[in-house]
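Take a look at the letters that make up each chain.
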Amino acid sequence: MKSESRYVLVRPDLLRLLMERTYTGASISGRELAAAVGVPPSTINALLTGTTRSQPQWVVDAICHEVGIGPLCLWAPKARAARAAKPQPSQMAVA
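Since this is a predicted model, take the numbers as computed values, not measurements.

Even after reading the chapter, I still don't get the sheet that holds strand E3 (residues 75-77), so can you show me in this structure?
Strand pairs in the sheet, formed through backbone hydrogen bonds, run parallel or antiparallel to each other. Here we have three strands laid out as an open sheet, ordered E2-E1-E3, and antiparallel in their pairing. Of all strands in the sheet, those with a lone pairing partner are strand E2 (54-56) and E3, marking the two edges. For this sheet, the mean angle separating the axes of adjacent strands, direction not counted, is 35 degrees. As defined by bridge partners, strand E1 (residues 6-9) adjoins E3 across three bridges and the pair is classed as antiparallel.

Any chance you could explain the pattern of salt bridges here in plain terms?
Throughout the structure, instances matching the rule amount to one salt bridge. The partner of aspartate 13 in a salt bridge is arginine 11, with the nearest N and O atoms 3.0 Å apart. The class of aspartate 13 is partly exposed, set by a relative accessible area of 46%.

Just checking my understanding: could you explain the nonpolar core for this structure?
The nonpolar side chains of soluble globular proteins are, as a tendency, buried together. Counting 21 residues, the largest nonpolar core has Leu15, Met19, Leu33, Val37, Ile44, Ile63 and Trp75 as the members making the most contacts within it. Mapped onto this core, the elements with two or more residues apiece are E1, helix H1 (12-20), helix H2 (30-37), helix H3 (41-49) and helix H4 (57-67). Here this core takes six residues from H4, the largest share from any one element. Beyond its immediate chain neighbours, meaning those up to four positions away, leucine 33 contacts Met19, Ile28, Ile44, Ile63 and Glu66.

How each quantity is defined
Residues numbered from 1 in each chain as written. Predicted model: local features only at pLDDT ≥ 70, side-chain atom pairs only at ≥ 80, totals over all residues. Heavy atoms only, no water. Pairing = 2+ DSSP bridges. Helix = DSSP H or I, 4+ residues; strand = E, 2+ residues; numbered from the N terminus. Axes fitted to C-alpha atoms, helices over the stretch in contact; angles between N-to-C directions. Salt bridge = Lys/Arg side-chain N within 4 Å of Asp/Glu carboxyl O. Buried < 20%, exposed > 50% of the residue type's maximum accessible area, 1.4 Å probe, protein only. Core = buried A, V, L, I, M, F, W, Y, C linked by side-chain atoms within 4.5 Å. Contact = heavy atoms within 4.5 Å.

Structure (C-alpha cells):
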C-alpha cells in the first residue's frame, strides 16, 4: 500500500496573512478554515504556530483551495531520505 504524499508548510506567517484576505476578498478564521477543510481546529492552529509542519496532500490541497493559491506557494514536498546504491565499477561510464 502506497502512503499519501506529505508536504511541509514553508511559511506559517504567509498562511496567516493569506487567511486575512482569501481569493474572495473575505477573511477566514482558523475554525472556519478547519471546518471547510475537514480537519480539527487544532490542526490549523498547530500549523499557524509551527507546532506541526507537515500534512498529507489532501489537507494541503483543501487549504490551498480555500485561500485561493497553488500548493507550492506555501508547501514543499516532503521527500523521504533514501540511500542510493553505490555503483559497481562495471556500471561506471568511461569518459
